[in-house]
Structures are given as C-alpha cells and as structure tokens.
Amino acid sequence: ARRKQGRRIKRKTQKETDTSDQASELPPRAFVFSKGKVSAPLKALVNDLKGVMSPNTARALKAQRRNKIKDFVDVAGSLHVSFFLIVSSTEQSSYLRLVRSPRGPTLTFRIRSYALAADLAATLRRPYSAGNAVWQSNPLLVLSDFDQSQ
C-alpha cells in the first residue's frame, strides 16, 4: 500500500455487519406504534396491527410524545427487531410507514380506508371469537389459486 503525499490509505471504510447464522434463524420481529397526533380510530388500528403481528411484536409498547425514531432504532438491535410499522396522520391523510431496521428502505403507504376488528365483529349477527390462542402462532400465508397473469 503506497502512501499518497504522506497520508495513510484507508483499508476498511465500511463497517462490518454481523452475518451470523443465529440472526437469520430468528423470525422477523416488529415494533408497531403511532407517531404524532393520531385520532382514536387510528390508535385502535395500531392495536389491531399489534394483534396481527403477534407473537413477534411488543404488544405493550407505548410510544410517548418525547420518543424519537432514533430511540426505537437504538433498542431494536438488542431485541432483534427488524421492522417498524409507524402510523401517522396529517390534515390531508393518514399514513403507514414500513421501516426496515437498521438501514433499511422505508416504504410509505397512504391509508385510504380501513376496517377495525371491532367494526367487523359489530356487523356479524353472531361474532366469532377464537380467543387469544389464535394470535400466539405465526400467521399462515396461502397463495393457492393466485394467477400471475390477471
């Protein structure tokens, strides 16, 4: 390695990331919270999202006004959290941000309409409740009879 005008040459400019097998064996975990001033129905949507994402999310996580995104990123590494679902609201619309931690891309979706679990239960004549045991196992993704050409 030659020196350039008396200065050293940097050999390691990129931080080494931990690519151990233990990190890949864990299922992806997520933090679901709201940011900013959010209406009561959107808070209920956050609680429903926590139920859908369980058991791989922190159900009792409460985001306070003084919390910054950096606070969640700092804690996420030690808890093996790889995604954040952040619900926010402006005067025009409501948004859902899907953030991959720690360096991730961030996807922003505008929420046009939604239905809460309580709304669905209210429309049924005899609401079915499977209890909390249903939410303690991982969700099953069924892709049968989905045609790519349509």
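Visitor: Where do I start with the overall build of the chain in this structure?
Guide: Summing up its helical and strand segments, the chain has four helices and four strands in all. For the chain, the succession of helices and strands along the chain, N to C, is α-β-α-α-β-β-β-α. Each of the 150 residues in the chain was classed as buried or not, and the buried ones make up 22%. By sequence separation, contacts in the chain at least 24 residues apart represent 54% of the contacts at least 6 residues apart. Here the chain displays about 12700 Å² of accessible surface, and carbon together with sulfur accounts for 52% of that area.

Visitor: Looking at this structure, I do not really get the packing of aromatic side chains. What am I missing?
Guide: The geometry of an aromatic ring pair comes down to the distance between the two centres and the angle between the two planes. Applying the stated criterion to the full structure yields four aromatic pairs. Among the aromatic residues, those joined into a ring-pair cluster are F31, F33, F72 and F84.

Visitor: Sorry if this is basic, but what is going on with the pairing of strand β4 (residues 106–111) here?
Guide: The side chains of a regular strand alternate between the sheet's two faces. Where strand β3 (residues 94–100) meets β4, six bridges bridge the pair, whose relative direction is antiparallel. When the sheet's bridge partners are listed, Y95 is paired in β4 with R110. Taking the residues between adjacent antiparallel strands as the criterion, β3 and β4 are bridged by five residues.

Visitor: Got a minute to help me understand the side chain of S93 in this structure?
Guide: Its place among the elements puts S93 in the loop between β2 (81–89) and β3. S93 sits in the buried class, given a relative accessible area of 11%.

Each value, and the rule that gives it
- Residue indices follow the written sequence of each chain, beginning from 1 at its first position.
- Whole-chain, interface and lining totals are the exception, using all residues; otherwise, since this is a predicted model, local features are given only for residues with pLDDT of at least 70 and side-chain atom pairs are given and counted only at 80 or more.
- The basis for every side-chain value is the complete set of heavy atoms in the structure, and neither hydrogens nor water enter the calculation.
- We count a stretch as a helix when DSSP gives it H or I for four or more residues in a row; a strand needs E for two or more, and each element gets its number in order from the N terminus.
- Relative accessible area decides the class of each residue, using a 1.4 Å probe on protein chains only: under 20% of the type maximum gives buried, over 50% gives exposed, and in between gives partly exposed.
- Contact criterion: two residues are considered in contact whenever any of their non-hydrogen atoms come within 4.5 Å of each other.
- Here, Shrake-Rupley sampling with a 1.4 Å probe gives the accessible areas, and only protein chains in the shown set may cover a residue.
- Ring geometry is summarised as follows: Phe, Tyr and Trp rings, the Trp one being its six-membered ring, pair when their centres sit within 6.5 Å, and such pairs are stacked at plane angles under 30 degrees, edge-to-face over 60 and tilted between the two.
- If DSSP finds at least two bridges between two strands, the strands pair.

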